[in-house]
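Residues per chain, in single letters:
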Amino acid sequence: MSTKITSPHAFLTAGQMVKPPPDIPPERRTVPGPKPAIAAEGGRSRQSSFELHVAQPIAAIVAAIPVDFAAVPDSAPVNVVAEVCSGAAAVENGGSPGTGRLAAVSVVLIPAAAEQNAPIAAECAVSVPVASFEIAEVVATPGNVTQPLALETISHERRSPNLVAVDNSLTGAKLAALAKRLSTFTEISSARLREMRSALNTIAKGFGLPLDMVPADPVQLRALLYGLTPAMAGVSHDRWVNSRSLLCNVLGHYDARFLPSRFKGAPAPAWGGLLALLGPDKGMRFELARFARYCTRYSLLPVGVTDQVIATYLDDLMHHSLVNDPARAARDVARFWNAAAKAYSAWPQQHLTVADNLVRRSLPWEAYPASMQVDAEAWVAWRQNTDPSQDRDDDDDEDERKLIRPATAEGDMKNLRIYLGALVEAGIDPAVLVDLRAAFTISNIKAVRRVIRARTSQERSSYLTKFVAMTKVIGRHYLKLPPEFVKRIIVIAKSVQPTNDGMTEKNKTRMRPFEDRQVLKQLIRLPLKIRDEVLRAGKPTKRLAQQLQAAVAINILLVNPLRIRNLAELRIGQSLIAQRDGSFAISLRPGEVKNSVAIESGLTNSTADMIHLYIGKYRPLLGAPGTDWLFPGQKAGCHKTFDGLRDQVQKAAAKRAGVLINPHLFRHLMAFITLTAKLGDYASVARALGHKSTATAFRYYTGLETKAFYREYVAIVTAIRDDDDDGPGAFKALQRDKRERARKVRA
């Protein structure tokens, strides 16, 4: 809602006095409206009318501004408007707009209870975190000059819906209830109603839930939709996009504050002019354009954007939208806003605070005493010259000590920093952590256990066991603490050790879809499908090269499920060796593998053909010439990062095959396929995955073949049931034996 200044005094020349209306005494500079009256429902304070009049002998002139708060909907913010459009301020006698006259006037507001905060400039919508606000200044712009003016205080009461916690009308509702009530909206046509109901059913199908079990709350819906692709939902891309759009349309009918992913309509002219300045950065244009339309919805102009507005925007995105990552979206607005202000002088110059959304589990070494880092480095150096997994006395032969790999030493330092970070999170002052002996006490270990349990919401986990095991290594072998300490650590270790063997529940959940043979077939055929699509697309490009790169990685993982480090570090001619017949072999030395078990394996002909195609035509588009990495990274001379390659594989499998699978899960998939085909063949699984013993494979993969066993058992029972009495079979033999036993009993 906006109110234009219609008084004839609004377009007077800068510096000219404004005569107050006859019903307002000249000595009065502010005319407050009636006292606020509390509404019956909701406890919202309302004010039936409000007038502001300023008459001062200065360049900035503001006429009477009527605002009817009774007409403002409950869901709308307060509007206090004092705006003169530059186009309306045309100079007589052929002058250009904005010359010698007021080009714009804005009312600047600040919270009455928080004067230390920066003023909130709001020509239109106002959102403040307190029940009252006061006019701090009027800013008039004659040409390009801004002249601030202090005014007398004028206050009124009004709760801002954007900043006060309100109950979402969708909380606790289900999509089935929304579908039934759609017919009550008379403005929706019958054809549109059918489309909406069909879209809701498609969304529920994608979740694998009945419609009456799908929540309508945007927060819960966002969690269900996150990572769900059209392939997972079993529909085409266009159908899924259309269904999500119609879902937002349905939610918007029930929640007036619901924000669509894409706003309809153009932004306000003041915003449109700014957006036209932006360069080719699509990310910047998209986020700022969405924010501009959001501000247009609430009549907020660019000069009124502050950190508080960004906080309000984030709150609305989180609780009233289906945007995938609200925190990132709000952060990008602030980041892009500052970049635009720096690049374009016409952009409003207020600086916005860019939120730090990173979740840090560790602090930099500089946060601790220097002696701690020295002691930690000494421990890692000791680790690289001994094998702490074996119990040795002080007189151990140094020549017999085994070296650990650099990657293991790097992991040790990372885990130690996470341990120290958990201590700080538990309330321990970093200054007292002067060395490892000060950090590894029984009370500190229990504090870390408490913090990690709170993070993971698990009493027992392998993640927590890892840190307790580290304390045992440091305390027993490096610090040489008394046996009593070691016994206490063993007790703590037992309290966090997972009680069940086998895969985690998360991995079990991800493996269940592969029990469907069609789903498994889609994944196995995925690399060939991507290759064919890339070849049909025409001339090689960087985007096509990245797609084929993902296909090569998935193809290798299907026939040889390497760990992510070994996969990313494959080098042509060293660990990936071309054979004379055109095939490829993978050769990894013991020092290059996590458990020091060498890997020697060949790749299938189809995999070799794909690698040749990738190396010959597409790989040169992804890395610097001369590099021998199979998966080159963006940085010259380096391989692709582990996270980058992992995300590439996951996204390709989710988007095209409709399954959630990461590179490490391919190892579980190999065990599942092998044990399903050959019940109890754990020896083959151990050899294929490079385990040192069959016991390791049995411990991690026991139970994978259980369903296959039951399928065979059910087949036997079914055969007995369906066996014909007149023909040979197990059932006929069973009946014959029964009659023979009965005859013997009678005799």
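Now for a look at the structure at hand. Just so it is clear, the model here is predicted, and its values are computed rather than measured.

Two side chains carrying opposite charge are able to pair once their charged atoms lie near each other. Applying the stated rule across the entire model yields 15 salt bridges. Between Arg455 and Glu425 there is a salt bridge whose closest N-O contact spans 2.7 Å. With Arg455 in helix H13 (residues 442-456) and Glu425 in helix H11 (residues 406-425), this residue pair connects regions lying 30 residues apart in the sequence. Under the relative-accessibility criterion, Glu425 is labelled partly exposed at 46%. Two residues, Glu569 and Arg565, come together in a salt bridge whose shortest N-O distance is 3.5 Å. Residue class for Arg565 comes out partly exposed when judged on its relative accessible area of 26%. In the salt-bridge network here, residues are joined through shared partners; they are Arg328, Asp332 and Arg335.

On to helix H15 (residues 483-496). Given a rise of 1.5 Å per residue, 14 residues ought to cover 20 Å, and the 20 Å separating the end C-alpha atoms of H15 matches this to within 8%. The set of residues buried in H15 consists of Phe485, Val486, Ile489, Ile492 and Val496. Buried residues along H15 cover an arc of 120 degrees about the axis, so they all sit on one side. Away from the buried face of H15 by more than 90 degrees, exposed residues Pro483, Glu484, Lys487, Val491 and Lys494 are located. Elements in contact with the buried residues of H15: H13 and helix H14 (462-478).

Formed by 61 residues in total, the largest nonpolar core has its most connected members in Phe514, Ile556 and Leu567. Ranked by the residues each element gives to this core, the list is headed by helix H18 (residues 542-559), at 10 residues. Ignoring any residue separated from it by four or fewer positions in sequence, one finds Phe514 in contact with Val519, Leu520, Leu523, Val659, Ile661, Leu669 and Phe672. If you look at the next biggest cluster of nonpolar residues, it comprises 36 residues, including Tyr368, Ile452, Leu464 and Ile492.

When you line up the elements, Arg290 lands in helix H7 (residues 282-297). Note on Arg290: relative accessible area 8%, which makes it buried. Beyond its immediate chain neighbours, meaning those up to four positions away, Arg290 contacts Ser261, Phe263, Tyr313, Val323 and Ala329.

In this section: the packing of H18 against helix H21 (residues 642-657). Direction vectors running N to C along H18 and H21 enclose 90 degrees, while the axes themselves pass 9 Å from each other. By the criterion of interaxial angle, the relationship of H18 to H21 is roughly perpendicular. Along its contact with H18, which presents Gln546, Gln547, Gln549, Ala550, Ala553, Ile554 and Leu557, the element H21 presents Leu645, Gln648, Val649, Ala652 and Arg656. Its residues placed into classes, the contact of H18 with H21 shows 7 nonpolar, 4 polar and 1 charged.

Turning our eyes to something else, we now look at the environment of His319. Residue position: His319 is located in helix H8 (residues 307-319). When its relative accessible area of 33% is taken as the criterion, His319 is described as partly exposed. In this structure, the C-alpha to C-alpha distance between His319 and Pro218, residues 101 residues apart in sequence, is 6.3 Å.

A word on the environment of Gly227. Turning to its location among the elements, Gly227 is positioned in the loop between helix H3 (218-225) and helix H4 (230-233). Between the C-alpha atom of Gly227 and that of Ala654, which follows or precedes it by 427 residues, the distance is 8.0 Å.

Attention shifts here to the sheet that holds strand S13 (residues 599-602). Strands sit in the order S11-S12-S13 across an open sheet of 3 strands; the sheet is antiparallel. The sheet terminates laterally at strand S11 (576-578) and S13, the two strands that pair on one side only. For this sheet, the mean angle separating the axes of adjacent strands, direction not counted, is 20 degrees. For S11 and strand S12 (residues 584-588), the ladder comprises 3 bridges, and the chain directions are antiparallel. Note on S12: the bridge partner recorded for Ala578 is Phe584.

Criteria and cut-off values
- Residues numbered from 1 in each chain as written.
- Predicted model: local features only at pLDDT ≥ 70, side-chain atom pairs only at ≥ 80, totals over all residues.
- Heavy atoms only, no water.
- Salt bridge = Lys/Arg side-chain N within 4 Å of Asp/Glu carboxyl O.
- Helix = DSSP H or I, 4+ residues; strand = E, 2+ residues; numbered from the N terminus.
- Buried < 20%, exposed > 50% of the residue type's maximum accessible area, 1.4 Å probe, protein only.
- Expected span 1.5 Å × (residues − 1).
- Arc of directions from axis to C-beta.
- Contact = heavy atoms within 4.5 Å.
- Core = buried A, V, L, I, M, F, W, Y, C linked by side-chain atoms within 4.5 Å.
- Axes fitted to C-alpha atoms, helices over the stretch in contact; angles between N-to-C directions.
- Parallel < 35°, antiparallel > 145°, perpendicular 65-115°, else oblique.
- Nonpolar A, V, L, I, M, F, W, Y, C, P; charged D, E, K, R; others polar.
- Pairing = 2+ DSSP bridges.

Read these as spatial facts, not as claims about activity.
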